Amino acid sequence: MHILAAGSLRAVWRPLIACFQAQERQDISCDYGPAGLLRERIEAGEPCDFFASANLAHPQALLDAGRALFVAPFTTNRLCLCVREDLVRAGDDWLALLTRPTLRIGTSTAGCDPSGDYTQQLFSRMGEAGERVRERAVALIGGRETLAIPAGRLAAEWLINNDYTDVFIGYASYAPRLREVATLKILAIPEPYNPVVQYAFACLSERGKPFSDFLLSPQAGAILRQHGFR
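Residues numbered from 1 in each chain as written. Predicted model: local features only at pLDDT ≥ 70, side-chain atom pairs only at ≥ 80, totals over all residues. Heavy atoms only, no water.

A. Structural context of the side chain of Asp-49. In this fold, Asp-49 is placed in the loop between α2 (35-43) and β3 (50-53). For Asp-49, a relative accessible area of 6% puts it in the buried group. Looking at Asp-49, its side chain comes within polar contact range of the side chain of Arg-207, at 2.8 Å. Sequence-distant contacts of Asp-49, that is, excluding residues within four places in its chain, are made with Met-1, His-2, Ala-202, Cys-203, Leu-204, Ser-205, Arg-207 and Gly-208. (Helix = DSSP H or I, 4+ residues; strand = E, 2+ residues; numbered from the N terminus. Buried < 20%, exposed > 50% of the residue type's maximum accessible area, 1.4 Å probe, protein only. Polar contact = N/O pair within 3.5 Å; in protein donor to acceptor, adjacent residues only side chain to side chain. Contact = heavy atoms within 4.5 Å.)

B. Quick peek at the packing of aromatic side chains. As enumerated under the stated definition, the model contains 14 aromatic pairs in all. Arranged with centres 5.5 Å apart and planes meeting at 70°, the rings of Trp-13 and Phe-211 form a pair that is edge-to-face. You can see Trp-13 sitting in helix α1 (residues 10-24) and its partner Phe-211 sitting in helix α9 (residues 209-215), a full 198 residues away along the chain. Look at Phe-211 and you get buried, because its relative accessible area is 0%. Among the aromatic side chains, those forming a connected cluster through ring pairs are Trp-13, Phe-20, Phe-50, Phe-70, Phe-74, Tyr-171, Tyr-199, Phe-201, Phe-211, Phe-214 and Phe-229. (Phe/Tyr/Trp six-rings, centres within 6.5 Å; stacked < 30°, edge-to-face > 60°.)

C. Quick look at the sheet that holds strand β8 (residues 167-171). In spatial order, the strands read β7-β6-β8-β5-β9; together these five strands make up an open sheet with mixed pairing. The outermost strands of the open sheet, each flanked by one partner alone, are β7 (138-141) and β9 (184-188). Sheet twist, expressed as the average angle between the axes of neighbouring strands with direction ignored, equals 35°. The sheet contacts of helix α5 (residues 114-125) involve β5 (79-84), β6 (105-108) and β8, and relative to β8 the element is tilted by about 110°. (Pairing = 2+ DSSP bridges. Axes fitted to C-alpha atoms, helices over the stretch in contact; angles between N-to-C directions.)

D. Structural view of the packing of α1 against helix α10 (residues 218-226). At a minimum axis separation of 9 Å, α1 and α10 run at an interaxial angle of 155°. Considering the angle they form, α1 stands roughly antiparallel to α10. Here α1 runs over α10; the crossing is right-handed. Only Gln-219, Ala-220, Ile-223 and Leu-224 of α10 make contact with α1, whose side of the interface consists of Val-12, Pro-15, Leu-16, Cys-19 and Gln-23. Residues belonging to the contact of α1 with α10 are distributed by class as follows: seven nonpolar, two polar and no charged. (Parallel < 35°, antiparallel > 145°, perpendicular 65-115°, else oblique. Left-handed = near helix turned anticlockwise from the far one by under 90°. Nonpolar A, V, L, I, M, F, W, Y, C, P; charged D, E, K, R; others polar.)

E. Structural view of the side chain of His-58. Within the secondary structure, His-58 sits in helix α3 (residues 57-64). If sequence neighbours within four positions are ignored, His-58 has contacts with Ala-35, Gly-36, Arg-39, Phe-51, Ser-53, Gly-111 and Pro-114.

F. Layout of α2. By the burial criterion, the buried members of α2 are Ala-35, Gly-36, Leu-37, Leu-38, Arg-39 and Ile-42. Residues of α2 that are buried sit in contact with β1 (2-6), β2 (29-33), β3, α3 and α5. Positive phi appears at Gly-45, one or two residues downstream of α2, with a value of about 110°.

G. Structural context of the sheet that holds strand β10 (residues 197-203). Read across the open sheet, the five strands follow the order β2-β1-β3-β10-β4; overall the sheet is mixed. The two strands at the open ends of the sheet, each matched to only one other strand, are β2 and β4 (70-77). The mean inter-strand angle of the sheet, taken between neighbouring strand axes irrespective of direction, is 15°. Sheet topology places β4 next to β10; seven bridges connect them, and they run antiparallel. Note that in β10 the partner of Val-71 across the bridge is Ala-202. The strands that α2 touches are β1, β2 and β3; relative to β1, the one it contacts most, it runs at about 150°.

H. Summary view of the environment of Gly-221. Relative to the helices and strands, Gly-221 is located in helix α10. The exposure class of Gly-221 is buried, given its relative accessible area of 17%. Placed 169 residues apart in sequence, Gly-221 and Ala-52 show a C-alpha to C-alpha distance of 15 Å.

Below you can see the structure in the form of structure tokens.
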């Protein structure tokens, strides 16, 4: 079985696959990347049995095009703010940092990477302040010609510590690992500003059906929660 999965699932995907294979003994190969670009690869004819996306829109597009057997949501996430620690002043919260005009703001690429799409939703929910932040924000990763994050590195950590940005808006599932980096500070983004990140899959062949069932099981749900998903 060949799987294409959103890059933000990489860390949790390994224990999920290991748990599934302990039950099913099925050979599995996986490739990761921005979900929008993965969907384009499937639409271009790349063989794939199972597609996991950080939104529902890309799996639904495959279903509407007759390329998927069925789709289903399987977990959720949120956004958070990662900032260079020495730039945080006493009393700063997420809004103060995003609206400080001297700070550079990095994001993923909307359209190609759902993280970028959710970030644009965040800006819209912020009203007029969000429009000013949107004008300053720069899409640094997740696009066709954006920066490539070295293997094994967290995007926010690598981008900030290599001086590509001061602030990065990314998934909250990375927060526990990012908090271990002394040079970074992680700030939560509260409701109602923070959009719900809905992960969903498209089962594309009969080979993908057993994994679809597993991903919706309580056992898989427990593994996802252990890795910061909801």
